[in-house]
Amino acid sequence: MPIALQAGLWGLLSGSALVLGALVGWFVPLKQRVVAAIMAFGAGVLISALSFELVDEAWKQGGFPPVASGFLAGALVYTLANYWLSHRGARHRKRSHEKKRAAQVGKHPDNSAALALGALLDGIPESIVIGVSLLEGGAVGLVAVVAVFLSNIPEGLSSAAGMKAEGKRPRTVFALWGGIALVSGISAALGYILFAGVQPEVLAFVQAIAAGAILAMIVDTMVPEAFEGTHDFAGLISVAGFLAAFGLSRLA
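Keep in mind that what you see is a predicted model, and the values were worked out from it rather than measured.

About the cut-offs
Residues numbered from 1 in each chain as written. Predicted model: local features only at pLDDT ≥ 70, side-chain atom pairs only at ≥ 80, totals over all residues. Heavy atoms only, no water. Helix = DSSP H or I, 4+ residues; strand = E, 2+ residues; numbered from the N terminus. Buried < 20%, exposed > 50% of the residue type's maximum accessible area, 1.4 Å probe, protein only. Contact = heavy atoms within 4.5 Å. Expected span 1.5 Å × (residues − 1). Bend = angle between axes of the 7 residues up to and from the residue. 1 Å grid on protein atoms, 1.4 Å probe; cavity = no way out; pocket = protein on both sides within 12 Å on 5 of 7 lines; lining within 4 Å. Points joined across faces, edges and corners; volume = space filled by probe spheres on them. Nonpolar A, V, L, I, M, F, W, Y, C, P; charged D, E, K, R; others polar. UniProt positions renumbered as here; feature names shortened; annotations may be inferred. Phe/Tyr/Trp six-rings, centres within 6.5 Å; stacked < 30°, edge-to-face > 60°.

Caption draft 1: Geometry of the overall build of the protein. When its secondary structure is counted, the protein shows nine helices and zero strands. Looking at the protein as a whole, 48% of its 252 residues qualify as buried. For the protein, contacts bridging at least 24 residues in sequence account for 87% of all contacts bridging at least 6.

Put into structure tokens, the structure is as follows:
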């Protein structure tokens, strides 16, 4: 199987968590504490992945200047885009709290487009990382796939529940998230195709951009949800996620 196709399938797998989360959010009354615990664990896994599979590898390939510039650029671009989306109904796209969703729907009674754009903003850098991970040795970064999968479940859950409150039809909701999952697969394939054969410094810059965007996303959207639902246990659960991902990356 061509490696670009493999990258696309891995990206599709991680993006399919959006559909899985949407199914749960639509049909299952899941407790906020459970979703928050998943979010906290996923945040720890993502921090481990961006630390060891992105920033560290980027530094080895290109040195500090491309890493520092890319890291800051990714965080800046994400922050500006997230600020714009937050004022158009996607502020709580990773929240499971009923009151937060109700407030969001009340201010923006038709915020489906903002939610979809928010999911793309979160998911495209993550998917590109999956594709780029295949450039080294032809083996996918399993930790990155697991991290993205875990971070997507609460987003699909929360957003689908919000759309249900808006009165959207199930067909519309699941078609939307299925389409975003497909875009995740395409982004992963493009991550492999577009950056195959580029200079190490360029690849390091791209990896750092993704890492900066992901870290900004974790702090802006995942950490607040994790703490709100688990409070004093959020740090411990995140550490468990970090350790699990670190062990997987070293033992795999």
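Caption draft 2: Highlighting helix α2 (residues 32–62). The terminal C-alpha atoms of α2 lie 42 Å apart, and with 31 residues this matches the ideal 45 Å at 1.5 Å per residue to within 8%. The largest bend in α2 amounts to roughly 30° and is located at L50. A positive phi of about 85° marks G63, the residue just after α2.

Caption draft 3: Up close: empty space enclosed by the protein. For the coordinates displayed, the defined rule picks out one cavity of 30 Å³ or more. By volume, the largest cavity amounts to about 30 Å³. Considering the residues around the largest cavity, the lining is formed by L46, A49, L50, L54, V129, A144, V148 and I214. Among the elements that make up the lining of the largest cavity, the one with the highest residue count is α2 (four residues). Among the residues making up the lining of the largest cavity, the classes are represented as eight nonpolar, no polar and no charged.

Caption draft 4: Spotlight on the UniProt feature "transmembrane region" (unreviewed entry) in the protein. When the UniProt feature table is mapped to this numbering, "transmembrane region" (unreviewed entry) covers residues 7–28, 34–55, 67–85, 128–153, 174–196, 202–221 and 233–251. From the first C-alpha to the last, residues 34–55 spans 30 Å; its make-up is 100% helix and 0% strand. Between the C-alpha atoms that bound residues 67–85 the distance is 27 Å, and the span itself is 100% helix and 0% strand.

Caption draft 5: Region of the structure containing the packing of aromatic side chains. Per the counting criterion, the structure on display carries four aromatic pairs. Arranged with centres 6.3 Å apart and planes meeting at 5°, the rings of F27 and F174 form a pair that is stacked. With F27 in helix α1 (residues 3–27) and F174 in helix α7 (residues 170–195), this pair connects stretches of sequence that are 147 residues apart. Taken together, the ring pairs in this structure connect W26, F27 and F174 into an aromatic cluster.

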